[in-house]
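The lines below spell out each chain.
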Amino acid sequence: MDDAVSFVIYDKVDAFRRLVVAKSSSTTLLRNEVSFTEFLLDADHPALPEATAPGARCGFRFRGREWFRGRVAATPGHGPVGETTIRVEGDVRKLWDWHGRPVPSAAVTAQDEEYARYSGPTETIAKAAMTANFARLGVAWSVAPDLGRGASARMEFRFHPLADKIVPLLDAADLILELAYVDDAVIVDVREAVLVAGVLSDLTGKLEAYSWTRDAPTATRVIVGGRGEGVDREFFEKVNGDLESEWGDIIESFVDARNTEEGSSLEPDADEALAAGGPTAGVSMDLIETDAFRFAQHFLVGDRVRVKVGPLDQLEAITQVRIDDNPDGVVVTPKLGTADDDPDVQLGRQVALLARGARDEKRR
């Protein structure tokens, strides 16, 4: 399998311009987030005019395929005899750039519904929301046929970024976004995470430094408040009796679902809240490739592997793969799980969560 790293420069309409081999590069492939890369070119490199043109795009190639494509977002450099850094953001970012409107087929002055509401299997509703808003925007993006994968869920849009509602549901359903390019068109699909055969320690040998966390539940029963006001408001309660018995604890939670359609079930909201408030256990570690554990051959980003460390024996997702290319060679570093005791990482997650909540409030 070819380990050469290369980059393909396209113009703003995805027409091929040239293939580039960089002096060095660092690339991070992410599960259901915006993959990114940056690579260095000499100040006199012949690719610079095309790589720095307005609207320039770039694809990252490794081990026989293009893993993502996106815009050239920044090109800092220094001179007169120096280097230019080409920074590229993957096209999945468009799901944060594009909104889900209450009535995608109507003008913004004719939004006569409060929310666009979607319910059904995760894949079905994610693709329905994307299809409606891709058509609204008139972009050459489409979605692959729906296979109805994932548990039943519900989501509502009121000018929210599509990713705000879609990505958490895909993560929960172990579905991974994939973009395919046909000429100047983009086809969005999802694939199911695969379970990598074997136990991690057997695949990679001795495990180096890692961290793990185990946290008690934050909710064992949930009340969902539906439509209506005061004594006329609709309520639904769901209790996880097994969890209460296991932990010897009762923890009540409340979810506001007043934006649901009249007569619709409130159980999906309760299930989502109970899942979010359940006990958690996670592992985080950087891994090393081996002959039995090789990116693009044995696993992809988002696939899961069995981990046995400390008191934990569970499945964890491969959340990212970093690929560094320099004169000494190519190093591939998969990263497992999301457990992290780093206060900056934890703060970043909390800020992202608060930002989504703020967007919800502003759009009511």
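Notes on the structure in this doc start here. Only a predicted model underlies this, so the values are computations on that prediction, with no experimental measurement involved. (Residues numbered from 1 in each chain as written. Predicted model: local features only at pLDDT ≥ 70, side-chain atom pairs only at ≥ 80, totals over all residues. Heavy atoms only, no water.)

### Comments concerning the overall build of the protein
- Check the secondary structure of the protein and you find eight helices and 23 strands.
- Here the protein has a C-alpha radius of gyration of 23 Å; the compact-globule value for 364 residues is 21 Å, and the two agree.
- Once the C-alpha set of the protein is aligned to its principal axes, its extents read approximately 75 × 55 × 35 Å.
- Put simply, the protein has 364 residues, and 43% of those count as buried.
- Measuring between centres, the 42 positive side-chain charges of the protein sit 4 Å from its 62 negative side-chain charges. (Helix = DSSP H or I, 4+ residues; strand = E, 2+ residues; numbered from the N terminus. Rg over C-alpha atoms; globule rule 2.2 N^0.38 Å. Buried < 20%, exposed > 50% of the residue type's maximum accessible area, 1.4 Å probe, protein only. Lys, Arg positive; Asp, Glu negative; His and termini not counted. Charge placed at Lys NZ, Arg CZ, Asp CG, Glu CD.)

### What about helix 3 (residues 122-137)?
- For helix 3, which comprises 16 residues, the first-to-last C-alpha distance of 23 Å matches the rise-based estimate of 22 Å (1.5 Å per residue) to within 8%.
- Residues of helix 3 that are buried include every one of Thr122, Glu123, Ile125, Ala126, Lys127, Ala129, Met130, Asn133 and Phe134, and no others.
- Gly138 lies just past helix 3 and shows a positive phi near 70°. (Expected span 1.5 Å × (residues − 1).)

### Thoughts on the pattern of salt bridges
- Overall, the coordinates contain 32 salt bridges when judged by the stated rule.
- For Lys23, the salt bridge identified is with Glu83, shortest N-O distance 2.5 Å. Linking Lys23 in the loop between strand 2 (16-20) and strand 3 (25-30) with Glu83 in strand 7 (residues 83-90), this pair joins segments that are 60 residues apart in sequence.
- Of the charged contacts in the structure, one is a salt bridge between Asp97 and Arg93, with a shortest N-O distance of 2.4 Å.
- The exposure class assigned to Asp97 is partly exposed, which follows from its relative accessible area of 39%.
- Given the relative accessible area of 12%, Arg93 is considered buried.
- Three or more residues joined by partner-sharing salt bridges are found here, namely Asp14, Arg57, Glu66, Arg69 and Asp91. (Salt bridge = Lys/Arg side-chain N within 4 Å of Asp/Glu carboxyl O.)

### Looking at unusual backbone geometry
- Of note, Asp14 is a non-glycine position whose phi angle comes to about 65°, a positive value.
- As for its placement among the helices and strands, Asp14 is situated in the loop between strand 1 (5-10) and strand 2.
- Backbone geometry at Asp174 places phi at a positive 55°, although glycine is not the residue there.

### Some thoughts on the nonpolar core
- Counting 40 residues, the largest nonpolar core has Phe39, Phe60, Leu200, Met285, Phe295 and Ile323 as its most contacted members.
- The element best represented in this core is strand 22 (residues 312-326), accounting for four residues.
- Discounting chain neighbours no more than four positions away, the residues touching Leu200 are Gly205, Leu207, Met285, Leu287, Phe293, Val305, Arg306, Val307 and Leu336. (Core = buried A, V, L, I, M, F, W, Y, C linked by side-chain atoms within 4.5 Å. Contact = heavy atoms within 4.5 Å.)

### Notes on the sheet that holds strand 17 (residues 221-225)
- In space, the three strands of this open sheet follow the order 18-17-19, with mixed pairing throughout. Unpaired on one side and paired on the other, strand 18 (235-239) and strand 19 (252-256) mark the two borders of the sheet. Averaged over all pairs of adjacent strands, the angle between strand axes in this sheet comes to 20°, irrespective of strand direction.
- Bridge analysis of strand 17 against strand 19 gives five bridges, and the strand direction is parallel. When the sheet's bridge partners are listed, Val222 is paired in strand 19 with Ser253. (Pairing = 2+ DSSP bridges. Axes fitted to C-alpha atoms, helices over the stretch in contact; angles between N-to-C directions.)

### A few points about the environment of Ile166
- By the element assignment, Ile166 lies in helix 4 (residues 162-172).
- Spatially, the C-alpha atom of Ile166 lies 40 Å from that of His45, the residues being 121 residues apart in sequence.
- The contact partners of Ile166, leaving out residues within four places of it in the chain, are Ala126, Ala129, Met130, Met155 and Phe157.

### A word on the packing of aromatic side chains
- For the structure on display, the rule yields twelve aromatic pairs.
- Plain terms: the ring middles of Phe7 and Phe60 are 5.8 Å apart, the flat faces sit at 50° to each other, and that makes the pair tilted. Of the two residues, Phe7 sits in strand 1 while Phe60 sits in strand 5 (residues 57-62), which places them 53 residues apart along the sequence.
- With relative accessibility at 0%, the residue Phe7 sits in the buried group. (Phe/Tyr/Trp six-rings, centres within 6.5 Å; stacked < 30°, edge-to-face > 60°.)

### Quick word on the sheet that holds strand 10 (residues 141-143)
- The three strands lie next to each other as 10-14-13, forming an open sheet whose pairing is mixed. The open sheet terminates on both sides in strands that have one partner only, identified here as strand 10 and strand 13 (175-182). Averaged over all neighbouring strand pairs, the angle between strand axes comes to 30°, with direction disregarded.

### Some words on the side chain of Asp324
- Within the fold, Asp324 resides in strand 22.
- At a separation of 2.7 Å, a polar atom in the side chain of Asp324 contacts the side chain of Ser26.
- Engagement of the side chain of Asp324 in a polar contact is seen with the side chain of Arg322, the distance being 3.1 Å.
- Sequence-distant contacts of Asp324, that is, excluding residues within four places in its chain, are made with Ser25, Ser26, Thr27, Gly329, Val330 and Val331. (Polar contact = N/O pair within 3.5 Å; in protein donor to acceptor, adjacent residues only side chain to side chain.)

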